[in-house]
Amino acid sequence: MAKIFGKKDGTEELETFYPIRPECVADMPKTRFRPRAGKTLSGRRWHTAFSEEGRLDMAKVLRRIQRGGIHPSIKGLVWEFLLGCYDPNSTFEDRNELRQQRRERYAMWKTECQNMVSVIGTGDFITTPIITDDGQPIEVEGCNVISAVSDKKVAQWMLSLHQIGLDVVRTDRALVFYEEKANQAKLWDVLAIYSWLDDDVGYVQGMNDICSPMVILLENEADTFWCFERAMRRLRENFRCSSTSIGVQSQLGTLSQVIKTVDPQLHKHLEDLDGGEYLFAFRMLMVLFRREFSFVDSLYLWEVMWAMEYNPNIFWSYEQTNGDTDGDQDNDSGRLNQKMLKQCGKFQRKNMEKGHGDQNNALAVFLVAGVLETKHKQILKEAKGLDDVVSILGNVTGNLDAKKACKEALKLQDKYLKKTKKP
């Protein structure tokens, strides 16, 4: 394993963890994040945050992440807690037992999918359709569909598999990691199995961008799946689309309200340009700024966001939804006592104290608002139409600083909460 912190600025370490194909280096956005001793959550500090039985001092961990992110050597392990895979108050034994149960459940689901589409789990994947629109099998090398498909759920799922494959081929292709087909296949397997289980939303382009870092950070495929599944708990509504609405519409509505409150002049200008629905911010919210930052910086942004939004009841709320356990009924996410408030991230704590528990009132909304605020003068002066707004925002790609963006988002949250103070 690489040293916890290099003597210089950590650049060489990051290249060790996430190597980029030489021919792609020149085209990649500049990476600003560097692991910093005394600020970044290191492997040593992570391990010392656990009690002898394995209970995690989450408040201590959150403070460190909010200051300087997570060292690459432990990102996957920490993300599992941030995303609600595990209860910080559980013991090592509790988590080992739960992990084993989940791995067995994933293996069962994978076998179920493999029985329908033989290529799943083989280290290969498909990029061409395997059935026609009316359910007739299409012969594809290495993949068998035994007979015509009449079940609507099965057909809908099978029709999506080649699209997942096409997106997998395009995912983070600048990274050396995805030069190996087996790694691409792992991403495809996780997305294919998730889309089978969540047939209400299924697979939507962009999920590959959310799942990819987890494939890289977590070695075990089942653990990757559960980490992605937990991430989708908070993001899946972004991907729910119909003929009349897009999934992020509710968050775009919140963004509109935030800008109208904190910067009415900018909001009015955008409305005059027929941009009052803020559709130009669709991509930022959909895939959490994956396209606006380098790979390393987007991971840093996500973990700081998740730390700031952390709610100590996240694990139990998800488990109760699953029906896996009765949970602790006192751990209702709407009734946090003072002790539990201290275990919340900065952003979540302020929301809870002010009575703003709406999921659409997410940090990502304030991050987008912050980006708009930094471009306030330019948008007012130069934007004569929505295309100009899109162009101005497009120019932020690779030029954003994740840490500054989070600070600006928290300032805007303060301003917004003061102006919308509930009686």
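Within any chain, residue numbers begin from 1 and follow the written order of that chain's sequence. Per-residue local features of the predicted model are confined to residues with pLDDT of at least 70, and side-chain atom pairs are confined, for both listing and counting, to 80 or more; whole-chain, interface and lining totals are unaffected and use all residues. Side-chain descriptors were evaluated using all non-hydrogen atoms of the structure, hydrogens and water having been removed beforehand.

Visitor: Explain the overall build of the chain to me, please; I cannot follow it from the model alone.
Guide: Counting its secondary structure elements, the chain contains 20 helices and zero strands. Only protein chains enter the area calculation, which uses a 1.4 Å probe; residues under 20% of their type maximum are buried, those over 50% are exposed, and those in between are partly exposed. Looking at the chain as a whole, 54% of its 423 residues qualify as buried. We call two residues in contact whenever any of their non-hydrogen atoms come within 4.5 Å of each other. A separation of at least 24 residues holds for 73% of the contacts in the chain among residues at least 6 apart in sequence. In DSSP terms, a helix is any run of H or I states spanning at least four residues, a strand is any run of E spanning at least two, and both are numbered starting from the N terminus.

Visitor: Just checking my understanding: could you explain empty space enclosed by the protein for this structure?
Guide: One water molecule sets the probe size; rolling that probe over the atoms shows where empty space is left. A pocket, in this scheme, is an open set of points on a 1 Å grid over the protein atoms alone with protein on both sides within 12 Å along at least 5 of 7 lines, while a cavity is a set where a 1.4 Å probe fits but cannot get out; residues line either one if an atom lies within 4 Å of a point. Grid points are joined across faces, edges and corners, and a volume is the space filled by probe spheres set on the points. Scanning the entire structure with this criterion turns up one cavity of 30 Å³ or more. Reported here for the largest cavity is a volume of approximately 40 Å³. The wall of the largest cavity is formed by Glu80, Cys85, Tyr86, Arg99, Arg102, Arg103, Ala222, Asp223 and Trp226. Those elements that place two or more of their residues in the lining of the largest cavity are helix 5 (92–116) and helix 9 (221–235). When grouped by side-chain class, the residues that make up the lining of the largest cavity number four nonpolar, no polar and five charged. We call Asp, Glu, Lys and Arg charged. Ala, Val, Leu, Ile, Met, Phe, Trp, Tyr, Cys and Pro are nonpolar, and the rest, Gly among them, are polar.

Visitor: Just to check I follow, could you spell out helix 6 (residues 152–170) for this structure?
Guide: Each α-helix turn comprises 3.6 residues. Residues three or four places apart therefore point the same way. Here, expected helix span is obtained from the residue count minus one, scaled by 1.5 Å. The end-to-end C-alpha distance of helix 6 is 28 Å, a good match for the 27 Å that 19 residues give at a rise of 1.5 Å each. For helix 6, the set of buried residues is Val154, Ala155, Trp157, Met158, Ser160, Leu161, His162, Ile164, Gly165, Asp167 and Val168. Two residues or fewer after helix 6 comes Asp172, characterised by a positive phi angle close to 40°.

Visitor: Before we go on, may I ask you to explain the packing of aromatic side chains in this structure?
Guide: Working definition: an aromatic ring pair is given by the centre-to-centre distance plus the angle between the planes. A pair of Phe, Tyr and Trp rings is counted when the ring centres sit within 6.5 Å of each other, with Trp represented by its six-membered ring. The angle between the planes then sorts it: under 30 degrees is stacked, over 60 is edge-to-face, the rest tilted. Under the criterion given, the structure shown has 25 aromatic pairs. Where Phe315 meets Trp316, the ring centres are 5.0 Å apart and the plane angle is 75°; that geometry is what we call edge-to-face. The exposure classification of Phe315 matches that of Trp316, with both residues buried. An aromatic cluster of three or more residues is present, and its members are Tyr106, Trp109, Tyr194, Phe225, Trp226 and Phe228. Both a distance and an angle decide whether a charge sits over a ring: NZ of Lys or CZ of Arg must be within 6 Å of the ring centre and within 35 degrees of the ring normal. Above the face of the Trp226 ring, Arg102 is positioned so that its terminal group lies 5.3 Å from the ring centre.

Visitor: Whenever I open this one, the confidence of the model for the chain confuses me. Can you help?
Guide: As a note on interpretation, predicted positions should not be read in detail where pLDDT is low. Residue-level confidence of the predictor is summarised by pLDDT, bounded by 0 at the bottom and 100 at the top. Per-residue pLDDT for the chain averages 88, and the proportion of residues at 70 or more is 89%. Put simply, helix 1 (residues 11–17) is where the chain has its lowest mean pLDDT, 71, and helix 7 (residues 181–197) is where it has its highest, 98. Segment residues 1–9: pLDDT under 50, and 19 contacts once partners within four positions in sequence are set aside and those in other chains are kept.

Visitor: Could you clarify how one ought to interpret the environment of Lys375 in this entry?
Guide: Along the chain, Lys375 turns up in the loop between helix 17 (363–374) and helix 18 (376–382). Judged by its relative accessible area of 21%, Lys375 is partly exposed. Separated by 18 residues in sequence, Lys375 and Leu393 have C-alpha atoms that sit 7.9 Å apart.

Visitor: Is there a simple way to think about the packing of helix 7 against helix 8 (residues 207–217) in this case?
Guide: When two helices pack together, their arrangement is captured by the angle between the axes and the distance separating the axes. Axis definition: a line fit to C-alpha positions, over the contact stretch in the case of helices; interaxial angles, taken between N-to-C directions, run 0 to 180 degrees. In the contact formed by helix 7 and helix 8, the axes pass within 10 Å of each other and the chain directions differ by 125°. Classified by the angle their axes make, helix 7 and helix 8 are oblique. In the crossing of helix 7 with helix 8, the sense of the turn from one axis to the other is right-handed. Residues Asn183, Lys186, Leu187, Val190, Leu191 and Tyr194 of helix 7 form the contact with helix 8, whose own contacting residues are Met207, Asn208, Cys211, Ser212 and Val215. Residues that form the contact of helix 7 with helix 8 fall into these classes: seven nonpolar, three polar and one charged. Working definition: roughly parallel below 35 degrees, roughly antiparallel above 145 degrees, roughly perpendicular at 65 to 115 degrees, and oblique for all remaining angles. Each crossing is labelled by how the near helix is turned from the far one, with a counterclockwise turn of less than a right angle marking it left-handed and a clockwise turn marking it right-handed.

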